[in-house]
Amino acid sequence: MGRKNICIIGVGQIGSRHLQALKAIKTPLEIWVADQSKNSLKTAKERYESMNTSGGEHVLHYQNELPKNSVFDIAIIATTSGPRADITKRLLKNNKVKYLILEKILFQNKNDYAEIEKLLAKHKVKTWVNCPMRMMPFYAGLKNEFDDKKITYLLYGNQSGLATDLIHHVDFIYFLIGSSDLKTDTWLLDKKLKDSKRKGYSETTGSLSVFFENGSQLIVRCDDKDQSPKIIEIFDEEKRYTIFESQGKALVSRTPDWKLEELKFDLPYQSQLTTTLVRDLFSRGKCDLPTYKESAKLHLQTFEPIRKYFKLKYYPFT
């Protein structure tokens, strides 16, 4: 079997974890790693080499420039949102790509969503967006509990930013209930944006609600000075899950007596999830992430009201 060709563009915090995951792939790979930062390339290489997993005999290339004149079985664009649309265009202009994985938040400009969709169709690139809660066994198992139900979903705590984390939970609710038409209510957001931990980007605080067509509701609360861990509550008329991600446990109660039961779980890291993702693409030609078309629709319905609330010309989030 010949080598499969994979490229990862952007190997910061998330991109380097995608790279680590490739070490466990049994199929021999030729891996092209591109990032403008020499420090990021150095750290990514160190993280890759630190993995104790054993896979095929892979060949790696680390470079500052985007690849050209290549045919890639899989490409992963894990940059921040600002340059991602331009990088996607340049990658597809100069290379042939079979499968593409894009990080979220997808793009900063509304017009890029339709433009990139047309480009992906033109080049016949099957594309997914990395909102991986639905890939995690514990969360995926909740599909059986809440499928097609009207649910209330509460997210609070400040371990990750409101805007940064939001699309993960919007996508997960869509996965659970199958309803992709939604309305975002912004009136309880704080009036000012704050600086993100990623330079050049912003974050939001306050409260935000998302209403889904089937009557389900997402409520997110993120206080500026709150340092409490993230807690997720999901409930309908018959059951309630209170999920403590940082502790790897959930409290579950059900009708009729609502007696509390404790469940324990492990959430896989990105350095494990991408191994599964790549194996699925090689074996099935598809994966369990949302498609580009699904995710782009959710992105726009979620972030357009936030953009208008702050009177912005673009989405300053990543």
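This text follows the structure it describes.
Residues numbered from 1 in each chain as written. Predicted model: local features only at pLDDT ≥ 70, side-chain atom pairs only at ≥ 80, totals over all residues. Heavy atoms only, no water.

(A) Spotlight on the sheet that holds strand β5 (residues 96-102). The strand order across the open sheet built from 6 strands is β3-β2-β1-β4-β5-β6, with neighbouring strands paired in parallel fashion. Each of the sheet's edge strands pairs with one partner strand only, and the pair in question is β3 (59-63) and β6 (126-129). Between one strand and the next, the sheet's axes are offset by a mean angle of 15 degrees, whatever the strand orientation. Where β5 lies against β6, 4 bridges are found, and the strand directions are parallel. Paired with Y99 across the two strands is K126, which belongs to β6. (Pairing = 2+ DSSP bridges. Helix = DSSP H or I, 4+ residues; strand = E, 2+ residues; numbered from the N terminus. Axes fitted to C-alpha atoms, helices over the stretch in contact; angles between N-to-C directions.)

(B) Region of the structure containing the packing of aromatic side chains. Throughout the structure, instances matching the rule amount to 13 aromatic pairs. Ring geometry for F146 versus Y241: centroids 5.9 Å apart, planes at 70 degrees, classification edge-to-face. Of this pair, F146 sits in helix α6 (residues 143-146) while Y241 sits in strand β14 (residues 239-244), and the two are 95 residues apart along the sequence. Neither F146 nor Y241 differs from the other in exposure class; each is buried. Geometrically, the ring pair formed by F172 and F175 is stacked, given 6.0 Å between the ring centres and 20 degrees between the ring planes. Taken together, the residues span about one helical turn, with F172 and F175 both in helix α7 (residues 162-177) at a distance of 3 residues. One exposure class covers both F172 and F175, and it is buried. An aromatic cluster is present here, built from F107, Y113, Y292, F303, Y315 and F317 joined pairwise through their rings. Looking at R240, its charged tip hangs above the ring of F235, at a distance of 4.1 Å from the centre. (Phe/Tyr/Trp six-rings, centres within 6.5 Å; stacked < 30°, edge-to-face > 60°. Buried < 20%, exposed > 50% of the residue type's maximum accessible area, 1.4 Å probe, protein only. Lys NZ or Arg CZ within 6 Å of the ring centre and 35° of its normal.)

Treat this as a map of the structure, not an account of what it does.
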